[in-house]
Amino acid sequence: MTDPTSATPEGRSVIHDLGYRPYTGARLGEGSIARALAVTGFRNAFGLGRSGRSKVLPFVLLALNLFPAVIVGGVMVLIGLDELPISYAQYASTTQVILGIFVASQAPVLFSRDLRHGTISLYLARPLRASTYALARWAALLAATLVFLLLPIVLLYAVALLGELDVTEQTREAGVAVALAVLLALVLTGIAGLISSWSTRRGFAVVATIAVLLIGNGIVTAVQGISSEEGRSDVGEVAGLFSPYSLYRGLATAWADVDALTPPTSAGMEALYALVLVGLSAACLGGLVWRYRRVASA
Amino acid sequence: MSVITLETVSRWYGNVVAVNGVSMTVRPGVTGLLGPNGAGKTTLIALMAGFLAPSAGTVTLDGVPIWRHTDAYRTIGLVPERELSFGYLTGRQFVRANAELHGLDAPGAATERALSIVDMTEPAARRIGTYSKGMRQRVKLASALVHDPGVLLLDEPFNGVDPRQRLHLMALLRQMGAEGRTVLFSSHILEEVEQVARQIEVVVSGRHAASGDFGQIRRLMTDRPVQYVVVTNDDRALASALIAEDAVVAVSLRRQGGVDVSVSDFGGFAVRLPRIARERGVRILELTPTDESLESVFSYLVER
Amino acid sequence: MNATILRLSAQALAGRRRGIVLMLIPGIVVLLAIVVSALTDDGQGYEAVANLGFTLALPIVALLAAAAVLGPEVDDGSIVYLLAKPVSRHSIAISKYAAAWGATIGLGALPLLVSGLVLEPSDPGRAFGWFAAGAVAGTAYSALFLALAALTRHAVVVGLLFALLWEGVLGNVLAGIRWVAIGAWGREVGAEISPLVGGAGTGLGYALIAAMVVTVGSVYFAGDRLRSFTLRGDE
C-alpha cells in the first residue's frame with residue numbers, strides 16, 4: 001500500500017490509494033452460479049424479469065393451454081359428470097400444437113441470445129464451465145415446459161377431487177400422466193434447445209423446431225393411418241418411434257386411458273418407446289453440452 | 001447545395017422524450033453532431049433521414065418534409081449505425097445493389113467509383129460476412145456514396161475503424177464538405193469531431209445544447225473560467241499584477257516560461273491585459289487560449 | 001416490381017441453412033409419397049399425404065419464406081439500406097412478396113402435385129386439384145405472413161398460431177372457422193377441379209374473393225408499414 005502523503009520521487013508515477021476496496025468476502029461457487037442461472041432462465045422463459053412485451057406471448061400461450069382445462073372444470077361443475085371428459089394423459093396430445101409453439105418460441109430466449117450477441121463469454125468468464133451453463137439453461141427450459149405441462153393436470157385433478165370422483169383412481173391416473181409429462185418435457189426441451197443453440201436466428205429456430213415436432217408427427221400419423229387401414233399395424237408401431245409426440249401418444253395409450261392408432265402392443269415395444277424417449281432426450285442434452293463446449297473453446 | 005432544416009422538432013416514445021424542441025439548420029460543409037451516448041443523436045439522424053416522424057415540429061430538406069418522401073433519397077446518402085445483415089453478399093454485390101436501387105445509368109461504374117473512394121476495391125469480392133468491423137463500415141459508406149449524394153448523414157461512422165482508416169475517412173469527410181456537400185456525422189468522441197468539423201451541434205439529453213463554431217461557443221460561456229497562456233519578457237512581474245485583477249481567478253508560472261491565467265470575465269480581461277502590460281513595462285510575446293478544445297466545451301455542457 | 005429487391009430476396013431465401021430447411025420440407029412430403037406408393041396399392045394413403053402437405057408443410061413453407069424475405073431485415077433494422085432509396089415502398093413489398101410467393105408455390109404447392117401424381121397416376125385431376133388448392137392457399141398465406149413480418153417481431157409465432165391453432169385445431173372443432181381460414185378457401189377452389197379434395201362449403205366465389213382480398217390487402221399493408229418504417233437506435 002502506498003502512503004498518499006509521501007512525496008513522490010521526481011519522474012516516478014504512482015497510483016494513489018483512494019480507499020477503493022475489492023470484495024474480499026467469501027465467493028459462491030459454480031453450483032450457486034448455475035442455480036442462479038437456472039432460476040433466471042426459468043423466469044425469463046415466461047418473460048418475468050424481461051420487458052412487458054416479452055410477457056405477452058408466453059402468458060397468452062399458457063392461457064390458451066389452460067383454456068380447455070378451465071372449460072372441463074366448468075362442465076364438471078355445471079353438469080356433474082362421473083368422470084373427466086378428457087383424461088390427464090390425453091391433455092398434452094390435445095394441446096400439442098400450443099405446447100410445441102411454447103417450447104419452440106421460448107427456447108431461443110434461453111439458448112440463442114447469448115450466442116448471437118456474444119454475451120456467452122461474459123458468463124464463461126466466471127467460474128462456470130460451458131457444460132454447466134448448458135445444463136443450467138436446459139434445466140430452466142425443462143422447468144418451464146413442465147410448468148406448462150403440469151398445470152392443466154393439476155387443474156384437472158383439483159376439479160376431479162372437488163367433483164368427488166374416486167380419489168385412488170384419479171390419483172393413480174394423474175400420477176401416470178405426470179410421469180408421461182416428465183418424459184415429454186425432457187424430449188421437447190432437448191430438441192428445442194439443441195435447435196436453438198444451433199441456429200441463432202430466432203424466427204428460424206422457432207420454425208425449425210415446429211417443423212421437427214409437428215411435421216415429424218404429421219408424417220408418423222400419416223404412416224400410422226395408412227398402416228392401420230392396410231391392416232399392418234406393426235409398421236405403424238415402429239413408425240411411432242420416430243417422433244416425440246407419437247412416442248408420447250404410444251406410451252400414453254399403453255399406460256393410460258388414451259386412444260391412438262397403432263399403439264405399442266407388446267411389453268418389449270413399450271420399453272423400446274420409453275427407451276427411445278429417454279435416449280433421444282439424453283442425446284439432445286449431450287449435443288447441447290457439446291455445442292457449448294465447442295463455443296467455449298473456439 | 002442542400003440544406004436540412006429542423007424547426008422546433010420533438011420526438012417522444014410514450015412518455016420518454018428522445019428529442020426536445022430542437023431547431024437547427026444543417027448547411028453545406030461538415031457538421032459534427034456531438035453528444036454523449038443516449039443523447040438522441042441517432043434519433044436526430046433518423047429524423048433527418050426520413051426514418052422517423054417528428055412528434056412535433058418539421059424536418060425539411062430544401063423546404064420539403066422528409067418523412068414519407070421517398071424521392072428525398074436521391075439527394076440523401078445515409079450511413080446508419082446498424083450492422084449490415086447482408087453477410088451472404090459480397091461487398092461489390094451489395095454496393096452494386098444499392099446503385100441499382102438508385103436507378104443509376106451505369107451502376108457498375110458507380111460501384112467501382114464508390115469502392116475506390118473508400119479504398120475497398122480489393123476486398124470487394126469477398127462476402128460481407130468475412131469482413132472486419134472497419135471494412136463493413138467502409139462498405140456502408142460506399143453504399144451511401146454510390147449515387148453521389150448532396151447530403152451525407154453518418155451515424156457514428158468512426159466506430160470500430162482502425163486509426164489509419166479513421167484518418168482516411170476523416171480526410172474523406174472534409175473533402176466532401178469542401179466540395180459543397182452537406183455532411184453531418186454524429187459522434188460521442190470529441191477528438192473525432194474536432195478533427196473534422198468546426199461547425200458543431202451539441203445535443204445533451206435530447207436538448208439542443210449548443211450550435212455553431214466551437215471556438216465561439218466556448219467564448220460565449222463567460223460564466224466559466226477561460227484558460228490562457230501568456231508569454232512575456234518578464235512573466236513574474238505580469239503574474240503579480242494579474243493576480244490583483246478582478247477578472248482573473250488563478251495565475252501560475254510555467255516551468256518552461258509563460259504564465260497560465262484563468263479568467264472569469266473574458267471581456268474585462270481583454271481590456272485590462274494590454275493596460276497592465278504597459279503600466280508594468282512588460283512586453284507580451286504571445287497570448288494563446290489553451291483550452292479552446294471541444295473537450296472543455298463539451299465537459300462543461302455535460303456537467304451543467 | 002423491382003428486379004434488384006427480387007434478386008436480393010431470392011438470395012436471402014436460398015442462402016444458408018434456411019434454404020436447406022426450405023428444400024427439406026417438400027422433399028420429405030414427396031419422399032413419403034414415393035415410399036407409400038411403393039408399399040401400398042394405387043391411391044392408398046393419398047388423403048394422409050395430401051393432408052400433411054397441405055395443412056402442415058404448405059403453411060410452414062409459406063411462413064418460412066415470408067419471414068426470410070422480410071423478418072431478419074426488419075428485426076435488425078438493416079432494411080434501412082433498402083429503404084434509403086428512391087424506390088416506392090409498395091414496389092419493395094411487391095418484390096419481396098414475389099420472392100416469397102415463388103418459394104411457396106414451388107416448395108409448398110408443387111410438392112402436392114408431384115406427390116399426388118406419384119400416389120395415383122391414374123387420376124391426375126385429383127393431383128391438380130390439390131395443386132390448385134395449394135396455389136390459392138399459398139398465395140394468400142405468403143401475403144398474410146409477409147404482412148405479419150412487417151408488423152411484428154413475433155410474426156413467426158403469430159403465423160404459426162394462425163395456421164396451426166386457428167385453422168388446424170380450432171378449424172376441426174368449429175365449422176364456422178372455414179369462413180376465415182385460408183386453407184378452407186384453397187380446398188374450395190381445389191374441389192372445383194377434383195371433388196376428392198373435399199371443399200369446405202364456402203362457395204367458389206367467396207373462396208376466390210376472400211383469398212384475393214387477403215392477398216392484396218396484406219401486400220398493400222406490408223408496403224404501408226414499410227412507408228412508415230422507423231429506425232431506432234440501439235439504446
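Owing to the predicted nature of the structure, the values given are computational and were not obtained by experimental measurement.

Enquirer: How do you make sense of the interface of chain B and chain C when you look at a structure like this?
Expert: One widely used convention gives an interface's size as the accessible area the parts lose upon coming together. Contacts between the two partners involve 31 residues from chain B, matched on the other side by 32 residues from chain C. Between chain B and chain C, the buried area comes to about 3,100 Å², and carbon and sulfur atoms account for 59% of it. On the chain B side of the contact with chain C, Phe51(B), Arg82(B) and Leu101(B) bury the most area, a combined 26% of that side's loss. Here chain B and chain C share one salt bridge between them. Between Glu100(B) and Arg7(C) there is a salt bridge, and its shortest N-O distance comes to 3.2 Å. Applying the counting rule to chain B against chain C returns six residue pairs in polar contact (both at pLDDT 80 or more). Those elements that provide at least two residues to the side of chain B that touches chain C are helix H1 (41–48), helix H2 (91–101) and helix H4 (133–145) of chain B. Counting residues per element, the side of chain B that touches chain C draws most heavily on H2(B), at six residues. Looking at the side of chain B that touches chain C, its residues break down into 15 nonpolar, eight polar and eight charged.

Enquirer: Could you clarify how one ought to interpret a nonpolar patch on the surface in this entry?
Expert: Residue and element names in this part refer to chain C. The grouping of Trp166, Leu170, Val173, Leu174, Trp179, Val180 and Tyr206 at the surface amounts to a nonpolar patch, some 630 Å² of accessible area in total. In terms of residues, the nonpolar patch owes the most to one element, helix H7 (residues 155–173), which gives three residues. Along the chain, Leu174 turns up in the loop between H7 and helix H8 (182–193).

Enquirer: Sorry if this is basic, but what is going on with the pairing of strand E9 (residues 199–204) of chain B here?
Expert: Remember that side chains alternate between the two faces of the sheet whenever the strand is regular. Residue and element names in this part refer to chain B. The buried fraction of E9 amounts to five of the six residues, a majority that puts the element mostly inside the structure. Pairing of strand E3 (residues 29–34) with E9 involves four bridges; the strand directions are parallel. In the sheet register, Thr31 faces E9, and the bridge partner there is Gln199. Across six bridges, E9 lies against strand E10 (residues 207–213) in antiparallel orientation.

Enquirer: Sorry if this is basic, but what is going on with the pattern of salt bridges here?
Expert: A side chain of one charge can pair with a side chain of the opposite charge if their charged atoms are brought near each other. As enumerated under the stated definition, the model contains 18 salt bridges over all chains in all. Residue Arg272(B) is joined to Glu245(B) by a salt bridge in which the shortest nitrogen-to-oxygen separation is 3.0 Å. One end of the pair, Arg272(B), is in helix H9 (residues 266–280); the other, Glu245(B), is in the loop between helix H8 (235–242) and strand E12 (248–253), with 27 residues separating them in the sequence. Among the residues examined, Arg272(B) registers a relative accessible area of 28% and is labelled partly exposed. The exposure class assigned to Glu245(B) is buried, which follows from its relative accessible area of 17%. The closest approach of N and O atoms between Arg227(C) and Asp224(C), which form a salt bridge, is 3.7 Å. Taken together, the residues Arg227(C) and Asp224(C), both in helix H9 (residues 204–227) and three residues apart, mark about one turn of the helix. With relative accessibility at 25%, the residue Asp224(C) sits in the partly exposed group. Each of Arg96(B), Glu100(B) and Arg7(C) takes part in salt bridges that share partners, so that together they form one network.

Enquirer: How do you make sense of the nonpolar core when you look at a structure like this?
Expert: For soluble globular proteins, nonpolar side chains are generally found buried alongside one another. Residues and elements named next belong to chain B. Of all hydrophobic cores here, the largest spans 244 residues; its most connected members are Phe51 and Leu153. Those residues in contact with Leu153 that sit more than four places away from it in its chain are Ile4, Ile45, Met48, Ala49, Ile76, Gly77, Leu78, Val79 and Leu184. Listed in part, the 16 residues of the second largest apolar core include Tyr228, Leu238, Val259 and Ile276.

Basis of the calculations
- Residues numbered from 1 in each chain as written.
- Chains lettered and ligands numbered in written order.
- Predicted model: local features only at pLDDT ≥ 70, side-chain atom pairs only at ≥ 80, totals over all residues.
- Heavy atoms only, no water.
- Contact = heavy atoms within 4.5 Å.
- Buried area = accessible area lost by both parts, 1.4 Å probe.
- Salt bridge = Lys/Arg side-chain N within 4 Å of Asp/Glu carboxyl O.
- Polar contact = N/O pair within 3.5 Å; in protein donor to acceptor, adjacent residues only side chain to side chain.
- Helix = DSSP H or I, 4+ residues; strand = E, 2+ residues; numbered from the N terminus.
- Nonpolar A, V, L, I, M, F, W, Y, C, P; charged D, E, K, R; others polar.
- Patch = residues over 30% accessible without salt bridge, like charges linked within 9 Å, V, L, I, M, F, W, Y side chains within 5 Å.
- Areas by Shrake-Rupley, 256 points an atom, 1.4 Å probe, with all protein chains shown as cover.
- Buried < 20%, exposed > 50% of the residue type's maximum accessible area, 1.4 Å probe, protein only.
- Pairing = 2+ DSSP bridges.
- Core = buried A, V, L, I, M, F, W, Y, C linked by side-chain atoms within 4.5 Å.

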